[in-house]
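The primary structure of each chain is shown beneath.
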Amino acid sequence: MAATTTITGAQFDAMPYEEGRQWELVNGELISVPSPTLRHQDIVFEILLAVRQYLRQSRTAGLACADVEFALSDNDRVRPDVAVVLGEKAARLNPDKVPVPGAPDIAIEVISPSERASESQDKVRAYLRSGTAEVWQVYPKSRTIQIHRGETAQSMEWSQPVETDLLPGFALHLASLFA
């Protein structure tokens, strides 16, 4: 059994950046994040576009971004595929500084075939414990989405629209993601 080395968020932040290599820190454990596939990136783009269009058209105060590092806690540094930050929290962010302190309101993770289920669930728990209201896990292979809110989780099939109270009137049609 391999030993697991844990580090703090401060130690993680001090690590030199290595071009083309991505890491996350969950519960003090370094997790390697593989390069995304074309399908993965296409799904991320479609979700990001839909949320940004919603924010602009509804004049909702907030921002949506892709692959930006958040410092959820002293021992958690994550890079959601899509992060949504709303209201005053978005207005207070420094757009030129990473990691972003705190948690996004919505974290969206597109699950890669190589991603371990235990690591994925650890990330969901880290988001929720740090104040993220919703975590969406998008599963391209099964064409489903799991939405975590607090202690509950809801699975949705590709034919159902994703709606959330955090974005009133927003509907993401899953079929468009998996076309």
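Below is a summary of the structure that appears in this document.

1. Focus on the environment of G169
Next, step 1: Tracing the chain through its elements places G169 in the loop between strand 12 (161–162) and strand 13 (172–173).
Next, step 2: In this structure G169 comes out as exposed when scored by relative accessible area, which is 78%.
Next, step 3: Between the alpha carbons of G169 and S120 there is a distance of 29 Å; along the sequence they are 49 residues apart.

2. Description of the layout of surface pockets
Next, step 1: By volume, the largest pocket amounts to about 470 Å³.
Next, step 2: Of all the secondary-structure elements, those providing two or more residues to the lining of the largest pocket are strand 1 (22–26), strand 2 (29–33), helix 2 (38–58), strand 8 (106–110) and helix 4 (117–129).
Next, step 3: The dominant element in the lining of the largest pocket, judged by the number of residues it contributes, is strand 2, at 5 residues.
Next, step 4: Looking at side-chain class alone, the lining of the largest pocket contains 8 nonpolar, 6 polar and 10 charged residues.

3. Observations regarding the sheet that holds strand 6 (residues 82–86)
Next, step 1: Spatial ordering of the open sheet is given by 3-6-8-9-10-11, a layout of 6 strands whose pairing is mixed. Looking at which strands have only one partner, the edges of the open sheet turn out to be strand 3 (62–66) and strand 11 (152–157). Strand-to-strand twist across the sheet, computed as the mean angle between neighbouring axes with direction ignored, equals 15°.
Next, step 2: The pairing of strand 10 (residues 144–149) with strand 11 spans 6 bridges and is classified as antiparallel. Within the sheet, the bridge partner assigned to Q146 lies in strand 11 and is S155.
Next, step 3: On the sheet, helix 2 packs against strand 3, strand 6, strand 8 and strand 9 (134–139) and is oriented at approximately 170° with respect to strand 3.
Next, step 4: In this fold helix 4 packs onto strand 8, strand 9 and strand 10, with an angle of close to 160° to the strand it touches most, strand 9.

Calculation notes
- Residues numbered from 1 in each chain as written.
- Predicted model: local features only at pLDDT ≥ 70, side-chain atom pairs only at ≥ 80, totals over all residues.
- Heavy atoms only, no water.
- Helix = DSSP H or I, 4+ residues; strand = E, 2+ residues; numbered from the N terminus.
- Buried < 20%, exposed > 50% of the residue type's maximum accessible area, 1.4 Å probe, protein only.
- 1 Å grid on protein atoms, 1.4 Å probe; cavity = no way out; pocket = protein on both sides within 12 Å on 5 of 7 lines; lining within 4 Å.
- Points joined across faces, edges and corners; volume = space filled by probe spheres on them.
- Nonpolar A, V, L, I, M, F, W, Y, C, P; charged D, E, K, R; others polar.
- Pairing = 2+ DSSP bridges.
- Axes fitted to C-alpha atoms, helices over the stretch in contact; angles between N-to-C directions.
- Contact = heavy atoms within 4.5 Å.

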